[in-house]
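Coordinates in review
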Amino acid sequence: RLYLFYVFGTVHVVNERGSLLSKYNPVITYNANLSYAPAAYNDTVYVAGDSGKDSATLYALGLDGTLKWKLQFNSSASPVVYTGRDIVCVDTEVRSDGQLVPVLYVIDDLGRLKFTYNSGDGRRWEQVYAGPDDTVYARTYGGKLYALKG
């Protein structure tokens, strides 16, 4: 098990005993504006950062802070990163015709976009889970449950 602490841009990776495994600052290393909490899965730390107006970048980093890959995506709101199995999901909102539309980006563990999905009820995603067959189960704040496979 890994535990992450995100303090002033520095990611601290500790084991279940509380021993520090590594710490690094992706803000300094990759010149990224990382404003959101990291997530981890299979020895990869995922952090999202602003990339400019209406865009963000997802960074996949090794436990020592080395860059595995990065992917820029449209985002007009705070992205939330969900991890599981070999899939990374990013919940955010994008601007469309002057309105914010909830979007779920589903990305494979190599940084390739598998598919995107807009919620049908106009609400952000509340819970996202990647199942054993790479089906993404996602529930919105409006209470709708989706089983997505791309």
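See the structure printed just above.
These lines cover the structure that appears in this document, whether it is placed above or below.

1. Quick look at the pairing of strand β15 (residues 145-148)
Burial of the side chains of β15 is restricted to one face: Tyr 146 and Leu 148 are buried, whereas none of Leu 145 and Ala 147 on the reverse face is. In this sheet, β15 lies alongside strand β14 (residues 136-140) in antiparallel orientation, the contact comprising four bridges. Bridge pairing in β15 places Ala 138 opposite Tyr 146. Between β14 and β15, which pair antiparallel and follow one another directly, the connecting turn spans four residues, one of which, Gly 143, has a positive phi of 95 degrees.

2. Regarding the sheet that holds β14
The strand order across the open sheet built from three strands is β13-β14-β15, with neighbouring strands paired in antiparallel fashion. Each edge of the open sheet carries a strand with a single partner, namely β13 (125-130) and β15. Pairwise comparison of adjacent strand axes, ignoring direction, gives a mean angle of 15 degrees for this sheet. Two strands pair when backbone bridges link them, and β13 and β14 are joined in this way by five bridges, in the antiparallel orientation.

3. Things to note about the side chain of Asp 91
Within the element layout of this structure, Asp 91 appears in strand β10 (residues 87-96). Beyond its immediate stretch of four places on either side in the chain, Asp 91 contacts Ser 78, Pro 79, Val 80, Tyr 82, Val 103, Leu 104, Arg 124 and Trp 125.

4. So, the side chain of Thr 135
Residue position: Thr 135 is located in the loop between β13 and β14. Using a relative accessible area of 8% as the deciding quantity, one classes Thr 135 as buried. Within the structure, the side chain of Thr 135 is placed 2.9 Å from the side chain of Asp 133, a separation counted as a polar contact. Other than its neighbours up to four places away in sequence, Thr 135 contacts Tyr 129, Ala 130, Ala 147, Leu 148 and Lys 149.

5. Overview of the packing of aromatic side chains
Under the defined criterion, the tally for this structure stands at six aromatic pairs. On the numbers, 5.3 Å between centres and 70 degrees between planes, the contact of Trp 125 with Tyr 146 is edge-to-face. Of this pair, Trp 125 sits in strand β13 while Tyr 146 is found in strand β15, placing the two residues 21 residues apart along the sequence. Exposure class is identical for Trp 125 and Tyr 146. Each is buried. Linked through ring pairs, Tyr 117, Trp 125 and Tyr 146 together constitute an aromatic cluster.

6. Thoughts on a nonpolar patch on the surface
A cluster of nonpolar side chains, Tyr 129, Tyr 137 and Leu 145, forms an exposed patch at the surface whose accessible area comes to about 350 Å². As for its placement among the helices and strands, Leu 145 is situated in strand β15.

7. Re the sheet that holds strand β11 (residues 99-108)
The strand order across the open sheet built from four strands is β9-β10-β11-β12, with neighbouring strands paired in antiparallel fashion. Bordering the open sheet on either side are β9 (80-84) and β12 (113-118), each of which pairs with just one other strand. Each strand axis lies, on average, 25 degrees off the axis of its neighbour in the sheet, ignoring direction. Note that β10 and β11 share ten bridges and pair antiparallel. Bridged to Asp 91 within β11 is Leu 104.

So, how was this worked out
- Residues numbered from 1 in each chain as written.
- Predicted model: local features only at pLDDT ≥ 70, side-chain atom pairs only at ≥ 80, totals over all residues.
- Heavy atoms only, no water.
- Buried < 20%, exposed > 50% of the residue type's maximum accessible area, 1.4 Å probe, protein only.
- Helix = DSSP H or I, 4+ residues; strand = E, 2+ residues; numbered from the N terminus.
- Pairing = 2+ DSSP bridges.
- Axes fitted to C-alpha atoms, helices over the stretch in contact; angles between N-to-C directions.
- Contact = heavy atoms within 4.5 Å.
- Polar contact = N/O pair within 3.5 Å; in protein donor to acceptor, adjacent residues only side chain to side chain.
- Phe/Tyr/Trp six-rings, centres within 6.5 Å; stacked < 30°, edge-to-face > 60°.
- Patch = residues over 30% accessible without salt bridge, like charges linked within 9 Å, V, L, I, M, F, W, Y side chains within 5 Å.
- Areas by Shrake-Rupley, 256 points an atom, 1.4 Å probe, with all protein chains shown as cover.
- Salt bridge = Lys/Arg side-chain N within 4 Å of Asp/Glu carboxyl O.

Note that all results are geometric; they support no functional claim without further evidence.
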